[in-house]
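The primary structure of each chain is shown beneath.
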Amino acid sequence: MTVRVRFAPSPTGYLHIGGARTAMYNYLYAKAMGGKYILRIEDTDTERSERKFEISQIEDLKWLGITHDEGPDVGGEFGPYRQSERGHIYKAWGEKLLDAGHAYHCFCTEAELTLKNEIALAEKRDPQYDGKCRDLSKEVVASRQAAGEVAVIRFKAPKKAYAFNDHVRGHVVFPEGMVGDFVIIRANGIPVYNFAVVVDDATMKITHVIRAEEHLPNTLRQLMIYEAFGVTPPEFAHGSLLIGEDRQKLSKRHGATSVNLYKEMHYLPAALLNYLCLLGWSHPDETDVFDVHSLGIMFNLERFTKASAIYDIIKLNFINGQHIHKLPVETVLGEVEKVIPAEHPFHKMDHAWKMNCMTIFREKINLFTEITSQIDVLFSLEVSADAEYIDAKSWETTPKIREYLEIEIANAKAAGKKFVTEEDLNNWSTHVKGELKIKGKQLFMGMRAVLTHQAHGPDLKFIIPLTPIEILEKRIHL
RNA sequence: GCACCCAUCGUCUAGCCCGGCCUAGGACACUGCCUUUUCACGGCGGCGACUGGGGUUCGAAUCCCCAUGGGUGUACCA
């Protein structure tokens, strides 16, 4: 039997990182098992569903490299893949349940139900449906409908316990009486989530349902429906939940929780996936930095974590940095050019210079957006207010260095040099050491202070040859 | 309220199923030292956890029970 898994988002907002993680797990499992990964759009909530969200979610999935084998945009033999287009299927399957006596029409009004719920709650009883319409005869139903009354279709919840084996949770038992008769098809004819999911998973031949723990209680209702249809349920794997620092389910107020935001912030999709993968699953080799797409058969359902995981952007940043550091310089340059402001002098430099620059600075960033402040040491004319810098500036040796360097730089410029070389820099320090008799901290810190007006920064032998000579000249006179 | 799920360093986790190799391992963060000043990288260290209580056992992070804490669900949302 070939494995068929699915990711079934609701187009009611942008792709959430939790959803991205679920999609990835399904995708990875299909890849590992040589199966198919299906994308299904669950837009039965007509109030909140919007096509633009479906489009953006598919786009974000694509950005992440999570590509589906079947879906609304690519088709497939089990379509349609949008629940809003599967009405006839739900209707037919609903009839089956009605005919078999597993479901019935219910005419109770919302007001009636709300009132009963309140009473039940007040009496500390479970607010389950009382089964008022459960035994209405066919004739009564027909005549009330003819009279214009609208009905929902309710499922007759069997009074018995249910159990199943979850790949993550193990043996899960739902005792008898956890749910009352629940609605499967609304008054407007649109099916309710738990019903639509079962019909879709059954007709799409889904073999494994991999989703987050929040769906665990839903499994009971779904199991009931599978049973009523006489269909063997798929296998389930309920992974952990993604939560915020306050231990609540991750939501917008926890900051950047949608994938498109990470795209905008120029994160590497491979890094986001890598980090998300680690939140609730662990690599067999216990490594932290890897390419999820090369996981292959290493990915399995046995290494999921049961406990909820707190989303921590600091570690994501670290992983993003690790991925950047492994990228070819050329690629880094391409990305970085997108984030450095258009008016930045960086863009005026030639290709060779940019490549040299990236070879050095690639190692120093975790995010592409950090590059601009990093390369400031090459162009900035700012004078540090740092105490260490002020100290270095006050040494009696420092003005001597400045005086000497002023001449050297003027000469280099007069000779037509656009940049000084590492060799020049070496000669300078040799001179300062030999002729000016300045060494150790006074030498290095002094040269740094004069040349950059900072107390700290990357190695001078890397940054000075990259600093335009006019900048050096201006700094000398600051 | 009721039901279900969960519980190892601040965080992500390994170990748990098949008790001893665990004076609990790794990673992020924080931090010390080293690498002919600094910073970064790297290397070597440090800090830092089995929620509590019972039980089973020669022996428990690992098995059982209870308590506590947290989470999710309880919709004509998904």
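Residues numbered from 1 in each chain as written. Chains lettered and ligands numbered in written order. Predicted model: local features only at pLDDT ≥ 70, side-chain atom pairs only at ≥ 80, totals over all residues. Heavy atoms only, no water.

Caption draft 1: Layout of empty space enclosed by the protein. Counted under the stated rule, the structure contains 1 cavity of 30 Å³ or more. The space that makes up the largest cavity amounts to roughly 60 Å³. Forming the walls of the largest cavity are Arg21, Thr22, Tyr25, Ile210, Arg211, Ala212, Ala237, Gly239, Ser240 and Phe304. Looking at the lining of the largest cavity residue by residue, the classes come out as 5 nonpolar, 3 polar and 2 charged. (1 Å grid on protein atoms, 1.4 Å probe; cavity = no way out; pocket = protein on both sides within 12 Å on 5 of 7 lines; lining within 4 Å. Points joined across faces, edges and corners; volume = space filled by probe spheres on them. Nonpolar A, V, L, I, M, F, W, Y, C, P; charged D, E, K, R; others polar.)

Caption draft 2: Spatial organisation of the sheet that holds strand 7 (residues 182-185). In space, the 3 strands of this open sheet follow the order 3-4-7, with antiparallel pairing throughout. Bordering the open sheet on either side are strand 3 (103-106) and strand 7, each of which pairs with just one other strand. Shown here is a sheet whose adjacent strand axes are inclined to one another by a mean of 45 degrees, direction ignored. Pairing analysis gives 4 bridges linking strand 3 to strand 4 (residues 152-155), with the strands arranged antiparallel. By the bridge assignment, Cys106 is partnered in strand 4 with Val152. Where helix 3 (residues 87-99) meets the sheet, it contacts strand 3, strand 4 and strand 7, and its direction lies at approximately 105 degrees from that of strand 3. (Pairing = 2+ DSSP bridges. Helix = DSSP H or I, 4+ residues; strand = E, 2+ residues; numbered from the N terminus. Axes fitted to C-alpha atoms, helices over the stretch in contact; angles between N-to-C directions. Contact = heavy atoms within 4.5 Å.)

Caption draft 3: Region of the structure containing the layout of surface pockets. Taken as a whole, the largest pocket holds about 1200 Å³ of empty space. Ser10, Thr12, His16, Glu214 and His215 are, among the 40 residues lining the largest pocket, the residues nearest its centre. Listing elements by their share of the lining of the largest pocket, those giving two or more residues are strand 1 (4-7), helix 1 (17-33), helix 6 (193-203) and strand 8 (208-212). Here the element with the most residues in the lining of the largest pocket is helix 1; it accounts for 5 residues. Here the lining of the largest pocket is composed, by residue class, of 13 nonpolar, 16 polar and 11 charged.

Caption draft 4: Local environment of the protein's contact with RNA strand B. Near RNA strand B there are 55 residues, and of these Thr44, Met178, Arg186, Gln248 and His456 occur at the shortest range. At the protein interface, 69% of the atoms of RNA strand B within 4 Å belong to sugar or phosphate. Here a phosphate oxygen of RNA strand B sits 2.4 Å away from a polar atom, N or O, in the side chain of Gln248. With respect to RNA strand B, the side chain of Asp288 contributes an N or O atom lying 2.6 Å from a sugar or linking oxygen. Among the elements that make up the surface near RNA strand B, the one with the highest residue count is helix 18 (residues 440-452) (4 residues). (Near = heavy atom within 4 Å. Polar contact = N/O pair within 3.5 Å; in protein donor to acceptor, adjacent residues only side chain to side chain.)

Caption draft 5: Representation of the side chain of Thr257. Mapping Thr257 onto the fold places it in the loop between strand 10 (242-243) and helix 8 (259-264). Residue Thr257 is classed as buried on the basis of its relative accessible area, which comes to 6%. Other than its neighbours up to four places away in sequence, Thr257 contacts Leu15, His16, Ile17, Leu250, Ser251 and Lys252. (Buried < 20%, exposed > 50% of the residue type's maximum accessible area, 1.4 Å probe, protein only.)

Caption draft 6: How the structure looks around the pattern of salt bridges. All chains considered together, the criterion is met by 29 salt bridges. Of the charged contacts in the structure, one is a salt bridge between Asp60 and Lys263, with a shortest N-O distance of 3.1 Å. Placement of Asp60 in helix 2 (residues 51-64) and of Lys263 in helix 8 is noted, with a sequence separation of 203 residues between them. Salt bridges sharing common partners tie together Arg6, Arg40, Glu42, Arg86, Asp200 and Asp201. (Salt bridge = Lys/Arg side-chain N within 4 Å of Asp/Glu carboxyl O.)

Caption draft 7: Structural view of the environment of Val450. Secondary-structure assignment places Val450 in helix 18. The residues touching Val450, leaving out its near neighbours within four places in the chain, are Thr398, Ile401, Arg402, Leu405, Arg475 and Ile476.

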